[in-house]
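Each chain is listed here by its residues.
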Amino acid sequence: MGSAGVTAPSDSAVGEQGGAKIAPAPKGKASAKKPKPESRLGMVRRARRINRELAELYPYAHPELDFRNPFELLVATVLSAQTTDLRVNQTTPALFAKYPTPEDMAAARPEDLEEIIRPTGFFRAKAKSLLGLSAALRDRFGGEVPGRIEDLVTLPGVGRKTANVVLGNAFGVPGITVDTHFGRLVRRWKWTDQEDPEKVEAEICAIFPKSEWTMLSHRVVFHGRRICHARRPACGACPIAPLCPAYGEGETDPEKAKKLLKYEMGGYPGQRLSPPPDYPGRPAPPLGGGAS
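The present account deals with the structure reproduced in this document. Because the structure is a prediction, the values reported are computed rather than measured. (Residues numbered from 1 in each chain as written. Predicted model: local features only at pLDDT ≥ 70, side-chain atom pairs only at ≥ 80, totals over all residues. Heavy atoms only, no water.)

### Describing the overall build of the protein chain
Inclusion rule: In this text, helices come from DSSP runs of H or I with a minimum length of four residues, and strands from runs of E with a minimum of two, each type numbered from the N-terminal end. Only protein chains enter the area calculation, which uses a 1.4 Å probe; residues under 20% of their type maximum are buried, those over 50% are exposed, and those in between are partly exposed. Should any heavy atoms of two residues lie within 4.5 Å, those residues are counted as being in contact. Surface accessibility follows the Shrake-Rupley procedure with a 1.4 Å probe radius. Residue values consider only the protein chains on display as shielding.
Counting its regular elements, the protein chain contains twelve helices and two strands. Mapped in sequence order, the helices and strands of the protein chain form the string β-β-α-α-α-α-α-α-α-α-α-α-α-α. Here the protein chain holds 292 residues, and 50% of them are scored as buried. Taking the intrachain contacts of the protein chain between residues at least 6 apart in sequence as the baseline, contacts between residues at least 24 apart amount to 60%. Accessible surface, the protein chain as shown: approximately 14200 Å² in total, 53% of it carbon and sulfur.

### Focus on unusual backbone geometry
With phi around 60 degrees, Gln82 is a residue other than glycine that occupies positive phi space. When you line up the elements, Gln82 lands in the loop between α2 (70-79) and α3 (85-98). Unlike most non-glycine residues, Tyr263 shows phi in positive territory, near 55 degrees.

### Quick look at the pattern of salt bridges
The condition that has to hold: Any carboxyl oxygen of Asp or Glu that lies within 4 Å of a side-chain nitrogen of Lys or Arg is treated as forming a salt bridge with it.
What the rule picks out here adds up to 18 salt bridges. Across the salt bridge formed by Arg109 and Glu111, the nearest N and O atoms sit 2.5 Å from each other. For Arg226, the salt bridge is made with Glu264, and the minimal N-O distance between the two is 2.7 Å. Of this pair, Arg226 sits in helix α11 (residues 213-226) while Glu264 sits in the segment after α12 (254-258), and the two are 38 residues apart along the sequence. Residue Glu264 is classed as buried on the basis of its relative accessible area, which comes to 1%. By sharing partners, the salt bridges in this structure join Glu64, Asp85, Arg225, Arg226 and Glu264 into a single network.

### Overview of the environment of Glu144
In this fold, Glu144 is placed in the loop between α6 (123-140) and α7 (149-152). A C-alpha to C-alpha distance of 7.9 Å links Glu144 and Pro102, two positions 42 residues apart in sequence.

### Concerning helix α1 (residues 40-57)
Residues that lie three or four places apart on an α-helix share one face, since the helix turns once every 3.6 residues. Note the cut-off: Between the first and last residue of a helix there are one fewer steps than residues, each counted as 1.5 Å, and that sum is the expected span.
Given a rise of 1.5 Å per residue, 18 residues ought to cover 26 Å, and the 25 Å separating the end C-alpha atoms of α1 matches this to within 8%. When α1 is considered as a whole, its buried residues turn out to be Met43, Val44, Arg46, Ala47, Ile50, Asn51, Glu53, Leu54 and Leu57. In the core, the buried residues of α1 are packed alongside α11.

### Digging into the environment of Pro102
Following the sequence through the fold, Pro102 ends up in helix α4 (residues 102-106). Placed 31 residues apart in sequence, Pro102 and Leu133 show a C-alpha to C-alpha distance of 8.1 Å. Pro102 has contacts with Phe71, Ser134, Leu137 and Gly143, leaving out every residue within four places of it along the chain.

### Observations regarding the packing of aromatic side chains
Rule in force here: Aromatic pairs are defined between Phe, Tyr and Trp rings, using the six-membered ring for Trp, whenever the two ring centres lie within 6.5 Å; interplanar angles under 30 degrees are classed as stacked, those over 60 as edge-to-face, and all others as tilted.
What the rule picks out here adds up to seven aromatic pairs. Seen in terms of ring centroids, Tyr58 and Phe222 are 5.7 Å apart; in terms of plane orientation they differ by 65 degrees. Their pairing is edge-to-face. Pair noted here: Tyr58 is in the loop between α1 and α2 and Phe222 is in helix α11, with a separation of 164 residues, a long-range link. Overall, Tyr58 belongs to the buried group, its relative accessible area being 1%. What makes Phe222 buried here is its relative accessible area of 1%. Measuring from ring centre to ring centre gives 5.9 Å for Tyr60 and Phe222, while their planes differ by 65 degrees; the resulting arrangement is edge-to-face. Of the two residues, Tyr60 sits in the loop between α1 and α2 while Phe222 sits in helix α11, which places them 162 residues apart along the sequence. Note on Tyr60: relative accessible area 2%, which makes it buried. Every member of this aromatic cluster is reached through a ring pair, and the members are Tyr58, Tyr60, Phe222 and Tyr279.

Okay, here's the thing in C-alpha cells:
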C-alpha cells in the first residue's frame, strides 16, 4: 500500500478522494416515523461488519509501541499512560540502552531513571512503577515477564489494559485493550454504553470470537487515531460512515474531512521509529529529529 492508501469497503462508500473512498451523507428523512431500536442481533452483525471493513482499511494494523521483547513492551506500555506512543518510542531507545533487562532496571538510581523518562510525563510515578515491576520480575519471576494475566496484574503499575497489550502482542494470547480511543469508538458505535474499562472489555468480548480480540483492538485504535478523533471526527472521509450511529458528530464535508486525517492517512509519519515492514507510512523521527 502507498503512504496514504486506503482500501474502502466495496458496498459502503462511493466516490474517491486521494485514494480513500468517501461515504455519502445519509439521506433526509423519508417520513416522521421513528426508526425501530436496533436489536441485539442487529448490533452484533453491524459490529462484526465494522470489524471486517476495518480489517480491509488497516490490513497492517499493529501495536504502535516499538519493542523487541516482552520486557520492552511491558515497560513501554507503562510509560504510554497520559502521553503519546510517539513520545514513548522516542524515549525508550536511551532507556533500554542503559537498562536492557529487569535486573538492570531494578538496580537503577531513581533519579537517573526519572531523567531518562522525563519526556513521557508523570516521570516520578512511572519511575516508581518501573523500579517496582523490574524488582518483582527479578525476585518472583526469574527475570522473565510472565505470560498469564493473573501474574501480570500483580506487578506495580500494571492493570488489565497493560496486561492485555503484553499478552496479545508478546505472547499471542487474545485480549481486548480498552484505551481511551477504543472506549470512545465502541460507545460511538453503540456496541456498549459502559464507561468502566473492565465492563467495556467484557461486553466487547461477548460480541466477537476470541481469535479476533487482539486485532480488533489494533484496528479500532488505528481508526480512532487516524479518522474518528475525539474532538473533530473526519466523518466525511470515513469509509464506515454508513455503519456509524454517530455520523455527523464531526466534519461531513469530504474535502474538509480529508484535511483532518492523521499519520499515514494524511501522508505524515507514524508513531513508530521502527515500524513493521508492511506499514505504508513513514517512520517517526527520533527525539530531537525533524519530521522530514
